[in-house]
Amino acid sequence: MELRLTDHVEALPGVGSARAKALAKLGLATIEDLLRYFPRDYEDRRRSSTISAAPPDAPVCIAALVAETPRCSYVRKGLELTKVRAVDGGGTLELTFFNQSYVRNALVPGESYVFYGVAEGTGSRRRMANPVFEREDHPRFTGRIMPIYPLTAGLSNGVLAGLVQRCVAACAQDVPEVLPQPVRQAHALAAAAFSYTNIHFPESEEALALARRRLIFEELFYLSCGLALLRTRREVQAGPVIPSQGLEDFSALLPFSLTAAQQRAIGEAAADLASGRSMNRLVQGDVGSGKTMVAAASCFLAWRAGWQSALMAPTELLAQQHFHTLTDTLSPAGVRVGLLTGSLRASEKKHLRAALSAGEIDLLVGTHALLSEGVAFARLGLVITDEQHRFGVAQRAALAAKGGGERALSPHVLVMSATPIPRTLALILYGDLDVSVIDQLPPGRTPVETFLVGEDKRQRLYGFVRKQVSLGRQVYIVCPAVEEAEPPLEHAMGLGRAVPAGGFADLKAVTAYARDLRERVFPDLRVGFVHGRMKPRDKEGAMAAFAAGALDVLVSTTVIEVGVDVPNASLIIIENADRFGLSQLHQLRGRVGRGAHQSYCVLVTANRNEETRARLKVLTQTTDGFRIAEEDLKLRGPGDFFGKRQHGLPQLHIADLAGDTGLLKEAQEAAKALLRSDPALEAPEHQPLKEQIRRLFTEQADSFN
Ligand code: ADP
Ligand code: MG
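All of the points below concern the structure found in this document. Throughout, residues of each chain are indexed from 1 in the direction in which the sequence is written. All chains are assigned letters beginning at A, and all ligands numbers beginning at 1, according to the order in which they are written. For this predicted model, a pLDDT threshold of at least 70 governs which residues receive local features, and a threshold of 80 or more governs which side-chain atom pairs are given and counted, while totals over whole chains, interfaces and linings are taken from all residues. Derived side-chain values reflect all non-hydrogen atoms in the structure, with water molecules and hydrogen atoms excluded from consideration.

Looking at the sheet that holds strand 17 (residues 434–438)
- Strand order in the open sheet formed by seven strands is 13-14-12-15-16-11-17, with parallel pairing between adjacent strands. Both outer strands of the open sheet, strand 13 (337–340) and strand 17, are each paired with one neighbouring strand and no more. If you compare each strand with its neighbour and ignore which way they point, the axes differ by 20° on average.
- Strand direction decides the pairing type here: strand 12 (residues 308–312) and strand 14 (residues 363–366), joined by four bridges, are parallel. In the strand pairing of strand 14, Ala310 is matched with Leu364. A pair of strands is labelled paired if DSSP reports no fewer than 2 bridges between them. We count a stretch as a helix when DSSP gives it H or I for four or more residues in a row; a strand needs E for two or more, and each element gets its number in order from the N terminus. Every axis in this analysis is a line fitted to C-alpha atoms, fitted for helices over the stretch in contact. Angles between the N-to-C directions lie between 0 and 180 degrees.

See the structure below:
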């Protein structure tokens, strides 16, 4: 039967609708998908032995003849044993299978098979439990390096490996060679067919290493080319020329002096604004480092030059906060600031839109509502988005497209992010952006004191909550789940870690926890809660009540992670802290310590695992977000930084950006060299490559045009 790469998996013998469904759960729909589904590990099944010479503690392949009809017995309900003896010239192997009644018919007396497993015991009489086996004259999964795949319910590794093996045999030759020949030659990369064969069923360790090298390089090469293309495309875009003189006048508006780091970031943004090319800059700085001032300075310069600015925040509360800060800072100079959010009355919106298109508003702050139809600027020169993660490249582009009058000019774009990203990764993640780093906090901050405690301290912890409240302070309590016995949020988003053995039942859940606090622990305190499943209006309402001091304790999920500023909150308790990544915990901790009061962060975990505790301990030792991010990356890999939803970059299947830095450099250089010779990939031989990159970046395809 002919198989093609584009065929559906049901074209494979043995795949009906049930198996197709299981495969679909793994994202596998076509033959090509299966070929590109890489093993997560390998098992070396190449060692073989006779029965009597087999080691007692390591798996080997043993060829032996089945000497009798398999015997089945029921031990008890749900436990069925199948036993059979096999022999070779010098020994006997007693085989036992649990709940595998098919073995009775699969093993035929008088036939030879290869059994793979541990031959327990010593001498010539050995026992082997649940071995892998197959006929000696037709070996597929023994005597070789066997791939181990990530699995899903209803699909065993043997079945999946069998399917992949068919695909490899039928189609590995057909995988198109997308890497240009000179690149392959210069970097000594194996051919596509070889690589897709050996990544699944390697002939040897060397072959596997070659296959891996090529596939990892390939992935990083596409990524590098794609990002470089994005970069060159925008480098040629003309932006409004906004002179950078007059920054002293901006500084004069502030009640404090800017930190050196703020000044540097503002200087970099100002240079972009004046360059004539449209700015695409990321301002990265730890929570509380004062990123808003970079935005304010840029808006100030734009206003001076007669251009309007837009600032988009991910939530209504944050938008309001920015509106107030920017109004306080800039309106004394004459900047007219407006606020547009979803909750405005229709008439207010109409009024605002009219003022905007008439040029009577200089800076419009808002939520996604800024993107809605009918919002048109008279002369938009600068677009700012806060908290990068929540907005994709496409949304930034959509806002920038509201440019107004001068169509030939693209507005400047400034992105603010509080997620510290290790320098090694920043370039990739934000490859289409220039980066300014604010690596300094304003003076006079008292660092948040952080503690790691176990369940035994819970009563004392509640006492501490009371004490803070009696001092007039407020308290956040963060839980990993919304309702009981459900995966934590980041898990639901597909960004998470493995499901713990005991399920999620032991996780603190917002709703039940808040109820318990109200009824049992703090009946006299004002306890509210907020989570991502609430209606946006209820959510904003609870946050606003907390911000206004109408609640003492706010129980929440990580929805409070993003830049909300409640200076009176002095304590944050994070339950099941081991469920969160270090960078995320650091973000959460940033919710306190924003005022004059000494603030505290308490990480609660019942987890006694040494490694887990060591990981959490990092937070008690440092408040440097970049150091924490590096640590996080080392410990957990880049999953969190590269969770697909966070950035809209193509997902990596085999490359590991933290581990493969050597190859990453090589791939980046190769991409640079190729684009130097063919900047827009227009040569006919580069068309497959261009198509591949376009496919990978589909979410951002609009940016390629
Ligand atoms: P983030 O980087 O987290 O967005 P913000 O811009 O919200 O930080 O600033 C945090 C707080 O620090 C604000 O209350 C702001 O007014 C204050 N701030 C910013 N820059 C300075 C500075 N140079 N000196 C003192 N306080 C500052
Ligand atoms: Mg902020």
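A closer look at the sheet that holds strand 23 (residues 600–604)
- Here six strands make up an open sheet; going across it, the order is 18-23-22-19-21-20 and the pairing parallel. Where the open sheet ends on each side, the last strands, each with one partner, are strand 18 (449–453) and strand 20 (527–530). In this sheet, adjacent strand axes meet at a mean angle of 20° when their direction is disregarded.
- Pairing of strand 22 (residues 569–574) with strand 23, which is carried by four bridges, proceeds in the parallel orientation. Bridging from a neighbouring strand, Ile574 pairs with Leu603 of strand 23.
- For this analysis, residues touch if any pair of their heavy atoms sits within 4.5 Å. Sheet contacts for helix 15 (residues 458–470): strand 19 (474–478), strand 21 (553–556), strand 22 and strand 23; angle to strand 22, the most-contacted strand, approximately 160°.
- Helix 20 (residues 610–621) rests against strand 18 and strand 23 of the sheet, and its axis sits at about 160° to strand 18.

A look at helix 25 (residues 687–696)
- Buried residues are those whose accessible area, probed at 1.4 Å on protein chains only, stays under 20% of the maximum for their type, while exposed residues exceed 50% and partly exposed ones sit between those limits. Buried within helix 25 are the following residues: Leu689, Gln692 and Ile693. Along the axis of helix 25, the buried residues cluster in a sector spanning 95°; they form a single face. Note that the arc is defined by the directions from the helix axis to the C-beta atoms.

Topic: the pairing of strand 13
- Judged by which residues are buried, strand 13 turns out to be covered on both faces: Val337 and Leu339 on one side and Gly338 and Leu340 on the other are all buried.
- Of the strand pairs in this sheet, strand 13 and strand 14 are connected by four bridges, and their pairing is parallel. Looking at the pairing, Leu340 lines up with Gly366 of strand 14.

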